[in-house]
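The lines below spell out each chain.
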Amino acid sequence: MKKIIIANWKANLPIRSSLVLAKKYSSLSQKKFSIVVCPDFLGIQPISILLKKTNISLGAQDASIFPLGAHTGEIPSSALKSLGVKFILVGHSERRSNGETSEITFQKIQRILAEKITPVICIGENLIQHNQNKTIAVLKKQLFSIFSQLSKEEKERRILIAYEPVWSIGSGKALDADEAGFVCRFIKEFANQNSLSKVEVIYGGSVNESNSDNYLKEENISGLLLGGSSLNFPLFSKIVNS
Ligand code: PGA
């Protein structure tokens, strides 16, 4: 399977700039990686049209815990699916730090799986935990709270886990690729031990055009989740053409 590169534009762009960037993305012609772009919710509909004739997939940055219905202000997974969304980020540390609990993350994962969309579940340790060498223990806990609640059918679905050290996101401080590879291998093995057979583990956190290759070379890293460097088209195209 091709390695995957996911662009998370976060809430960085007003709609016009999102459309300009999406047009640039649509000019990419590379076959080495699967590319997924996650615009903000406002961009999803027009960008779904722009990307229709490309091999770039559409993703969302979050989704509601609710289905379609009387839920003011919510954006259900099924509504996203109708626009062609194939991947949804869930439990990103920026959401968790804004109050999203593990329970809410899990409810979102279930809704996403029910719509046959691939969840990209974000996990990672903070700086204190990292400095205390508690990374594996922290990740084990985060993963177990999800794995232990999934049904047998849900465990057989394609699931992406994005390992993103919280201290590394947007900080310019990236984890060494061999260390990231080691942690991603642990996640994959832990998923397999818990009967999840189709898990791919990707890495995110200050990935740029000078370090991306090191991660992509790692056998146990199935792809990348990019924030800042996905907003700069020349840098992004350097990464996907590496
Ligand atoms: P960054 O963000 O690449 O800007 O560190 C990654 C992410 O938040 O997914």
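Residues numbered from 1 in each chain as written. Predicted model: local features only at pLDDT ≥ 70, side-chain atom pairs only at ≥ 80, totals over all residues. Heavy atoms only, no water.

Trainee: So what exactly am I meant to see when it comes to the packing of aromatic side chains here?
Mentor: Each aromatic ring pair is described using two quantities: the centre-to-centre distance and the angle formed by the ring planes. A full pass over the atoms with the stated rule returns 7 aromatic pairs. Centre to centre, the rings of W9 and Y25 are 5.2 Å apart; their planes meet at 85°, and the pair counts as edge-to-face. A residue pair is termed long-range when its members are at least 10 positions apart, and W9 in the loop between β1 (4-8) and α1 (15-26) and Y25 in helix α1 qualify at 16 residues. Residue class for Y25 comes out buried when judged on its relative accessible area of 0%. (Phe/Tyr/Trp six-rings, centres within 6.5 Å; stacked < 30°, edge-to-face > 60°. Helix = DSSP H or I, 4+ residues; strand = E, 2+ residues; numbered from the N terminus. Buried < 20%, exposed > 50% of the residue type's maximum accessible area, 1.4 Å probe, protein only.)

Trainee: How should the sheet that holds strand β3 (residues 56-60) be read in this particular structure?
Mentor: Either a parallel or an antiparallel arrangement is found when strands of a sheet pair, and the pairing is made through backbone hydrogen bonds. Around the barrel, which closes on itself, the 8 strands sit in the order β1-β2-β3-β4-β5-β6-β7-β8 with parallel pairing between neighbours. Across the sheet, the axes of successive neighbouring strands diverge by a mean angle of 25°, strand direction being ignored. Pairing of strand β5 (residues 118-123) with strand β6 (residues 159-163) involves 4 bridges; the strand directions are parallel. By the bridge assignment, I121 is partnered in β6 with I161. (Pairing = 2+ DSSP bridges. Axes fitted to C-alpha atoms, helices over the stretch in contact; angles between N-to-C directions.)

Trainee: Is there a simple way to explain the packing of α1 against helix α2 (residues 41-50) in this structure?
Mentor: Packed helices, taken two at a time, are described by the angle their axes make and the gap between the axes. The interhelical angle for the contact between α1 and α2, taken along N-to-C directions, is 30°, at an axis separation of 10 Å. With respect to each other, α1 and α2 are oriented roughly parallel. Between α1 and α2 the crossing geometry is right-handed. Residues I15, S18, L19, A22, K23 and S26 of α1 form the contact with α2, whose own contacting residues are L42, G43, P46, I47 and L50. Residues that form the contact of α1 with α2 fall into these classes: 7 nonpolar, 3 polar and 1 charged. (Parallel < 35°, antiparallel > 145°, perpendicular 65-115°, else oblique. Left-handed = near helix turned anticlockwise from the far one by under 90°. Contact = heavy atoms within 4.5 Å. Nonpolar A, V, L, I, M, F, W, Y, C, P; charged D, E, K, R; others polar.)

Trainee: Before we go on, may I ask you to explain the pairing of β6 in this structure?
Mentor: Two faces belong to every sheet, and in a regular strand the side chains alternate between them. Most of β6 sits out of view: 5 of its 5 residues are buried. Taking every second residue as pointing to the same face, both faces of β6 are buried, with I159, I161 and Y163 on one and L160 and A162 on the other. Note on the crossover from β6 through helix α9 (residues 177-193) to strand β7 (residues 199-204): the handedness is right-handed. (Right-handed = clockwise from strand over helix to strand, strands pointing away.)

Trainee: How should the nonpolar core be read in this particular structure?
Mentor: Buried together is how nonpolar side chains tend to be arranged in soluble globular proteins. Grouped together as the largest cluster of nonpolar side chains are 61 residues, with contacts concentrated most on W9, Y25, F147, L150, I161, I187 and F236. No other element matches the 8 residues that α9 contributes to this core. Residues contacting F236, with those up to four places away along its chain left out, are I5, A7, Y25, L28, I35, L226, S229 and S230. Counting 12 residues, the second largest nonpolar core, distinct from the first, contains V36, C38, F87 and L89. (Core = buried A, V, L, I, M, F, W, Y, C linked by side-chain atoms within 4.5 Å.)

Trainee: Teacher, can you tell me more about the site of the ligand here?
Mentor: The local shell around the ligand holds 13 residues, among which K10, H92, E164, G170 and S206 are the closest. A distance of 2.7 Å is found between an oxygen atom of the ligand and a side-chain nitrogen or oxygen belonging to H92. Take G227: an N or O atom from its main chain is 2.9 Å from an oxygen atom of the ligand. Out of a free accessible area of 280 Å², the ligand has 95% covered by protein chains. (Near = heavy atom within 4 Å. Polar contact = N/O pair within 3.5 Å; in protein donor to acceptor, adjacent residues only side chain to side chain. Areas by Shrake-Rupley, 256 points an atom, 1.4 Å probe, with all protein chains shown as cover.)

Trainee: Looking at this structure, how should I read the pattern of salt bridges?
Mentor: Two side chains bearing opposite charge may form a pair once their charged atoms approach each other closely. All chains considered together, the criterion is met by 8 salt bridges. The partner of D62 in a salt bridge is R95, with the nearest N and O atoms 3.0 Å apart. Of this pair, D62 sits in the loop between β3 and α3 (77-81) while R95 sits in helix α4 (residues 93-96), and the two are 33 residues apart along the sequence. For R95, a relative accessible area of 37% gives the class partly exposed. In the salt-bridge network here, residues are joined through shared partners; they are D62, R95, E100 and K108. (Salt bridge = Lys/Arg side-chain N within 4 Å of Asp/Glu carboxyl O.)

Trainee: Can you help me understand the packing of helix α7 (residues 135-147) against α9 in this one?
Mentor: Where α7 contacts α9, the two axes come as close as 11 Å, and the packing angle between them is 35°. Viewed along their axes, α7 and α9 form a crossing whose handedness is right-handed. The segment α7 lies against α9, with T135, I136, L139, K140, L143, F144 and F147 engaging F182, V183, F186, I187, F190 and A191. Residue composition of the contact of α7 with α9, by class: 11 nonpolar, 1 polar and 1 charged.

Trainee: I'm lost on the state of the cysteines in this one. Help?
Mentor: For the coordinates displayed, the defined rule picks out 0 disulfides. With no disulfide of its own, C122 lies 9.2 Å from the sulfur of C38, the closest cysteine sulfur. Overall, C122 belongs to the buried group, its relative accessible area being 2%. Lacking any disulfide linkage, C184 is separated from the closest cysteine sulfur, that of C122, by 12 Å. (Disulfide = S-S within 2.5 Å.)

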